[in-house]
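Chain and residue survey
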There are 2 protein chains.
Amino acid sequence: MFLTGKKRGYLGKKMGEDDRVARLNVTEETYVETIDALMRERGYAGVTDIAEELGIKSPSVTSMLKKLDALGFVKYTPYRNVTLTEKGRDLAAFLKEQQRSLQAFLTLLGVDEIVAENDACAIEHILQAPTLERLSKFVEFTQATPQGRSWIECFKKYEGVKKSPKR
Amino acid sequence: MFLTGKKRGYLGKKMGEDDRVARLNVTEETYVETIDALMRERGYAGVTDIAEELGIKSPSVTSMLKKLDALGFVKYTPYRNVTLTEKGRDLAAFLKEQQRSLQAFLTLLGVDEIVAENDACAIEHILQAPTLERLSKFVEFTQATPQGRSWIECFKKYEGVKKSPKR
DNA sequence: TATTATTTTTAGTTTAAACTAACTTTAGTA
DNA sequence: TACTAAAGTTAGTTTAAACTAAAAATAATA
């Protein structure tokens, strides 16, 4: 099929390394996003806050912070609040933009707000750069051109050829 | 943020259970898809074939097959070829349709064939049902209505307002 | 049919990312 | 300042899903 194995761990494709920023795996990126969000919302990010936000326990956070520090995404000093490094901020910004764009896209297509947010969040770590580009372009098109704008109206009205009686 | 922890293991949201078929985690579903594909392509699915297809080693396959058998998705008898149960076939069919639809969607938006296939494959296990519905509806719209058809032409021509010099 | 090769399984190991229990540091308050 | 509460860390455990090495079953061939 379409999956190539990696050295260890879970199944998953290995994507091209054509990204603009240094990337991490889904779990790690989620930590970076969470730290970024907390910094914005409360001005700081403590271990407990992160744990709470992610629905996990603090020791799990501590060990991941060490890892992210070693990878250069986070500045971690024991018993101190965490901060993102330049590299970490770059990634966070990238992910945030990515997510914003994805969510806009899904919403545009009529996906419910909450669902769109969730799904955007979930797939942003997975989609390849070219795909993202195309989706953004689409959103842009529907905003920047008259055809695009009118088209959206059209789609909103459209409710399918026939409601096939699905049980 | 938008992730709720689960009992154990990796971070990830818990989605609503509103699906039409019994679902599994990404890894498990990938096995089911692979078995289904092999059955179609070669008429049977051996442990080695599956392992090869997934780029992993055979013992990993054996143990997953036991699990999937216990879960009722697969008929596993030691040293025999594997088959899918009704439940397994249902899931495979669901996933195949899902993927077909996703891929069509991405391709429609101008994502390269290969990339679209990969991404469709990767996110099909993650997207929620309502999102999928919306995407399908979109594809349908672009095929079933004149507005939809003409719109695609329009989008294909569109190449953005200005190429902002990135960097 | 006996032998060899291939396929599959068993048993035990590794890894990432969670967990619990117990300890240490820091912060808050009498 | 001393004491308690809260936050964070350490050490060791668990789980899923990979892995390796070696044994067992099946298949292919002389």
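On a predicted model such as this, the values are computed, not experimentally measured, just so you know. As a convention, each chain's residues are numbered from 1 in the sequence order in which they are written. The lettering of chains begins at A and the numbering of ligands begins at 1, in the order of writing. Given that this is a predicted model, residues contribute local features only at a pLDDT of at least 70 and side-chain atom pairs are listed and counted only at 80 or more, while totals for whole chains, interfaces and linings are drawn from all residues. In computing side-chain properties, one takes all heavy atoms of the structure into account and sets aside hydrogens as well as water.

Let us look at the overall build of chain A. Think of it this way: any DSSP run of H or I at least four residues long counts as a helix, any run of E at least two long counts as a strand, and we number them from the N terminus. The secondary structure content of chain A amounts to 7 helices and 2 strands. Along chain A, helices (α) and strands (β) appear in the sequence α-α-α-β-β-α-α-α-α when read from the amino end. Burial analysis of chain A (167 residues in total) assigns 48% to the buried set. Put simply, 51% of the contacts in chain A that link residues at least 6 apart link residues at least 24 apart. With an accessible surface of roughly 9200 Å², chain A has 52% of that area assigned to carbon and sulfur atoms. Each residue is placed in one exposure class: buried if its accessible area under a 1.4 Å probe, protein chains only, is under 20% of its type's maximum, exposed if it is over 50%, and partly exposed if it falls in between. Any two residues whose heavy atoms approach within 4.5 Å at even a single point are treated as in contact. Areas reported here follow the Shrake-Rupley algorithm with a probe of radius 1.4 Å; residue values treat only the protein chains shown as occluding.

What follows is about the interface of chain A and chain B. On the chain B side, the residues contacting the 53 residues of chain A number 53 residues. Carbon and sulfur atoms make up 70% of the area that chain A and chain B hide from each other, which totals about 5000 Å². Salt bridge criterion: a side-chain nitrogen from Lys or Arg within 4 Å of a carboxyl oxygen from Asp or Glu. Seen at the junction of chain A and chain B, the total is 0 salt bridges. Throughout this description, a polar contact denotes any pair of N or O atoms lying within 3.5 Å of each other; where both atoms belong to protein, one of them has to be capable of donating a hydrogen while the other can accept it, and for residues adjacent in sequence the pair is counted only when both atoms sit in side chains. Linking chain A with chain B are 8 residue pairs in polar contact (both at pLDDT 80 or more). Those elements that provide at least two residues to the side of chain A that touches chain B are α1 (26-42), α2 (47-54), α4 (86-108), α5 (113-123), α6 (129-144) and α7 (146-157) of chain A. With 9 residues, α6(A) is the largest single contributor of residues to the side of chain A that touches chain B. Across the side of chain A that touches chain B, the residue classes tally to 29 nonpolar, 15 polar and 9 charged. A simple way to read buried area is as the amount of 1.4 Å-probe accessible surface that goes missing from two parts once joined, with both sides added. Residues are grouped as follows: Ala, Val, Leu, Ile, Met, Phe, Trp, Tyr, Cys and Pro are nonpolar; Asp, Glu, Lys and Arg are charged; every other residue, Gly included, is polar.

A least-squares fit on C-alpha atoms brings the copies together, and the residues used are those whose pLDDT is at least 70 in both copies. Superposing chain A onto chain B takes a rotation of 180° plus a shift of 0.0 Å along the axis, which leaves an RMSD of 0.0 Å. Both copies are brought into coincidence by an operation consistent with a two-fold rotation axis.

Our focus in this paragraph is the nonpolar core. Residues A:Phe105, A:Phe138, B:Phe105 and B:Phe138 are the most contacted members of the largest nonpolar core, which totals 46 residues. Those elements that place two or more of their residues in this core are α4, α5, α6 and α7 of chain A together with α4 (86-108), α5 (113-123), α6 (129-144) and α7 (146-157) of chain B. What B:Phe105 contacts, discounting residues up to four positions off in sequence, is A:Phe105, A:Leu109, B:Leu135, B:Phe138 and B:Val139. Nine residue types can take part in a nonpolar core, namely buried Ala, Val, Leu, Ile, Met, Phe, Trp, Tyr and Cys, and a core is a set of them joined through side-chain atoms within 4.5 Å. Counting 25 residues, the second-largest nonpolar core is a separate cluster that includes A:Tyr31, A:Met64, A:Leu84 and A:Leu91.

Residue and element names in this part refer to chain A. Axes here refer to lines fitted to C-alpha atoms; in helices the fit is confined to the stretch in contact. Angles between the N-to-C directions go from 0 to 180 degrees. In the contact formed by α1 and helix α3 (residues 58-70), the axes pass within 11 Å of each other and the chain directions differ by 95°. Of the possible angle classes, the one that applies to α1 and α3 is roughly perpendicular. Contacts between α1 and α3 pair Thr27, Glu28, Tyr31, Val32 and Ile35 from the former with Ser60, Val61, Met64, Leu65, Lys67 and Leu68 from the latter. Class assignment of the residues belonging to the contact of α1 with α3 gives a composition of 7 nonpolar, 2 polar and 2 charged. Note that the term roughly parallel is reserved for angles under 35 degrees, roughly antiparallel for angles over 145, roughly perpendicular for angles of 65 to 115, and oblique for everything else.

Let us now look at unusual backbone geometry. Residue and element names in this part refer to chain A. One non-glycine residue with positive phi stands out, namely Tyr79, at about 70°. Structurally, the position occupied by Tyr79 is in the loop between β1 (74-75) and β2 (83-84). By relative accessible area, which is 83% here, Tyr79 ends up exposed.

Covalent bonding between the sulfur atoms of two cysteines defines a disulfide. We call a pair of cysteine sulfur atoms a disulfide when they lie within 2.5 Å. In this structure the tally under the stated criterion is 0 disulfides over all chains. Of the cysteine sulfurs around A:Cys154, a residue in no disulfide, the closest is that of B:Cys154, at 12 Å.

We now examine the environment of A:Gly72. Residue and element names in this part refer to chain A. Here Gly72 shows up in the loop between α3 and β1. For Gly72, a relative accessible area of 26% corresponds to the partly exposed category. Between the alpha carbons of Gly72 and Gly88 there is a distance of 7.4 Å; along the sequence they are 16 residues apart. Ignoring sequence-local partners within four residues, the contact set of Gly72 consists of Thr85, Lys87 and Gly88.

Expected span of a helix: the number of residues minus one, times 1.5 Å. With 23 residues, α4(A) extends 33 Å between its outermost C-alpha atoms, agreeing within 8% with the 33 Å of an ideal straight helix rising 1.5 Å per residue. Looking one or two places after α4(A), you find A:Gly110, whose phi comes out positive at around 95°.

Attention shifts here to the packing of aromatic side chains. Two aromatic rings, drawn from Phe, Tyr or Trp (for Trp, its six-membered ring), form a pair once their centres lie within 6.5 Å of each other, and the interplanar angle then sorts them: stacked below 30 degrees, edge-to-face above 60, tilted otherwise. Considering all chains together, one arrives at 19 aromatic pairs over all chains under this definition. Taking the centre distance of 5.0 Å and the plane angle of 50° together, the rings of A:Tyr158 and B:Phe141 count as tilted. Taken as a pair, A:Tyr158 in the segment after α7 and B:Phe141 in helix α6 lie in two separate chains rather than in one. On the accessibility criterion, B:Phe141 (1% relative accessible area) is buried. Among the aromatic residues, those joined into a ring-pair cluster are A:Phe105, A:Phe138, A:Phe141, A:Trp151, A:Phe155, A:Tyr158, B:Phe105, B:Phe138, B:Phe141, B:Trp151, B:Phe155 and B:Tyr158.

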